[in-house]
Amino acid sequence: FYVVVLKKDCPYKLDRVRSRKRLPDILTKAEILEILNHISNDKHRLIICLLYGSGLRVSEVVNLKIKDLDFTNLALIIRNSKGHKDRITLLSEKTVEKIKNLIEGRGGNEYIFLTLHKRKYTVRTVQKIFSNALQKTSLQKKPTCHTLRYANLLSFLTFSRKVLSTKYLAEQ
């Protein structure tokens with residue numbers, strides 16, 4: 001007001017209130033399975049599986065193209081991700097057959113996940129799929145699609161720690 005209307009500096013010095021940073025609700029494998037069990041559409045279930053199994057962002061899943069799949073190395077190429085960067089991530093073995101069935105007979109430049117109208121899914125649609133499944137569960141937590149990335153990271157770190165401790169014990 002002061003700067004725009006009165007063309008004067010504001011005489012009051014106000015400290016900005018910092019928003020509280022909360023830790024995300026981390027989901028266990030059992031909780032993720034419960035959410036997945038409440039998704040009846042196979043394609044929708046596969047989208048959520050990719051979010052968790054490959055640790056993808058929602059925007060990355062909806063923008064995945066068939067040419068970004070590397071079944072030989074079990075890898076996904078994520079193009080133009082956050083910060084306009086490309087990266088490679090793991091493709092879960094459990095999803096390979098389902099993805100192959102989904103993309104059978106389609107060209108490499110097509111999106112993997114298409115709607116009934118042959119358009120790519122929107123970020124909001126995927127978020128709605130997740131929230132609808134979440135409402136059907138008995139979970140008290142309030143996770144989001146992005147929470148699946150944290151769950152993926154946590155399960156990867158847990159697995160890595162077990163492998164490293166087993167290796168350490170074997171060397172002793």
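The preceding data block contains the structure.
Residues numbered from 1 in each chain as written. Predicted model: local features only at pLDDT ≥ 70, side-chain atom pairs only at ≥ 80, totals over all residues. Heavy atoms only, no water.

## What about the packing of aromatic side chains?
Item 1. Here the structure, examined in full by the defined rule, presents 0 aromatic pairs.
Item 2. Between the NZ or CZ atom of K65 and the centre of the ring of Y111, over which it lies, the distance is 5.0 Å.
Item 3. Note that K100 overlies the ring of F71, its terminal NZ or CZ placed 5.1 Å from the centroid. (Phe/Tyr/Trp six-rings, centres within 6.5 Å; stacked < 30°, edge-to-face > 60°. Lys NZ or Arg CZ within 6 Å of the ring centre and 35° of its normal.)

## Here we look at the layout of surface pockets
Item 1. Computed from the structure, the largest pocket encloses a volume of approximately 1,100 Å³.
Item 2. Forming the walls of the largest pocket are 31 residues, and the residues nearest its centre are Y52, G53, S92, N152 and S155.
Item 3. With 8 residues, helix α7 (residues 147-171) is the largest single contributor of residues to the lining of the largest pocket.
Item 4. Class assignment for the residues of the lining of the largest pocket results in 13 nonpolar, 10 polar and 8 charged.
Item 5. Along the wall of the second largest pocket there are 13 residues; nearest its centre are N63, L64, D68, R79 and N80.
Item 6. Looking at the lining of the second largest pocket, the elements with two or more residues in it are α4 (58-62) and β2 (75-78).
Item 7. Residues belonging to the lining of the second largest pocket are distributed by class as follows: 4 nonpolar, 4 polar and 5 charged. (1 Å grid on protein atoms, 1.4 Å probe; cavity = no way out; pocket = protein on both sides within 12 Å on 5 of 7 lines; lining within 4 Å. Points joined across faces, edges and corners; volume = space filled by probe spheres on them. Helix = DSSP H or I, 4+ residues; strand = E, 2+ residues; numbered from the N terminus. Nonpolar A, V, L, I, M, F, W, Y, C, P; charged D, E, K, R; others polar.)

## Examining unusual backbone geometry
Item 1. Its identity as a non-glycine residue notwithstanding, L74 has a phi of 50°, on the positive side.
Item 2. On the accessibility criterion, L74 (24% relative accessible area) is partly exposed.
Item 3. With phi around 55°, H84 is a residue other than glycine that occupies positive phi space.
Item 4. As for its position among the elements, H84 is in the loop between β2 and β3 (87-90). (Buried < 20%, exposed > 50% of the residue type's maximum accessible area, 1.4 Å probe, protein only.)

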